[in-house]
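Residues per chain are reported as follows:
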Amino acid sequence: QVQLVESGGGLVQAGGSLRLSCAASGSTFNITTMGWYRQAPGKQRELVASISSGGSTNYADSVKGRFTISRDNAKNTVYLQMNSLKPEDTAVYYCHVFIVALTIRGYWGQGTQVTVSS
């Protein structure tokens, strides 16, 4: 029983910045990789960035150099700092975490809308 609560989405102009947050609660024992995905209307959901329990990060080529993912293990929270936003970044951003217990399980947040105007 894990719940993910996302926040920080909104409307910004091109070139602006947003910081997304995702806080996990409930049975948060053994959270491993945490990440952010996004989905624009008519498109498939895609990985934006992820961060392992050891701090190793991965980014989509389209956001590399502009976005930064980080985590606060004490708060069971993952962040996505988004700078130099472009209209093509407009999407619903979803938080995702993996938890290792008896089996490996993945959990999704509800998503937060990011809209970038030109």
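Coordinates for the structure precede this section.
Residues numbered from 1 in each chain as written. Predicted model: local features only at pLDDT ≥ 70, side-chain atom pairs only at ≥ 80, totals over all residues. Heavy atoms only, no water.

### Examining the sheet that holds strand β8 (residues 77-82)
Strands belonging to one sheet form pairs held by backbone hydrogen bonds; the direction of such a pair is parallel or antiparallel. With antiparallel pairing, the four strands of this open sheet are ordered in space as β1-β3-β8-β7. At either margin of the open sheet sits one strand with a lone partner, and together these are β1 (2-7) and β7 (67-72). Going from strand to strand, the sheet's axes swing by 15 degrees on average, the running direction of each strand aside. Of the strand pairs in this sheet, β7 and β8 are connected by six bridges, and their pairing is antiparallel. (Pairing = 2+ DSSP bridges. Helix = DSSP H or I, 4+ residues; strand = E, 2+ residues; numbered from the N terminus. Axes fitted to C-alpha atoms, helices over the stretch in contact; angles between N-to-C directions.)

### Brief notes about the pattern of salt bridges
For the structure on display, the rule yields four salt bridges. Among the salt bridges present, the one from R38 reaches E46, with a minimum N-O distance of 2.9 Å. Note on E46: relative accessible area 37%, which makes it partly exposed. Between R38 and D89 there is a salt bridge, with the nearest N and O atoms lying 3.0 Å from each other. Taken as a pair, R38 in strand β4 (residues 31-39) and D89 in the loop between β8 and β9 (91-100) lie far apart in primary sequence, 51 residues in all. D89 matches R38 in its accessibility class, with the two residues each being buried. Each of R38, E46, R66 and D89 takes part in salt bridges that share partners, so that together they form one network. (Salt bridge = Lys/Arg side-chain N within 4 Å of Asp/Glu carboxyl O. Buried < 20%, exposed > 50% of the residue type's maximum accessible area, 1.4 Å probe, protein only.)

### A word on the side chain of E6
Its place among the elements puts E6 in strand β1. Despite its burial, E6 pairs with no opposite charge; the closest candidate is R45, at 7.9 Å N-O. Separated by 2.3 Å, the side chain of E6 and the backbone nitrogen of C95 make a polar contact. If we ignore the near neighbours within four places in the chain, the residues touching E6 are S21, C22, W36, Y93, Y94, C95, G109, Q110, G111 and T112. (Lys, Arg positive; Asp, Glu negative; His and termini not counted. Polar contact = N/O pair within 3.5 Å; in protein donor to acceptor, adjacent residues only side chain to side chain. Contact = heavy atoms within 4.5 Å.)

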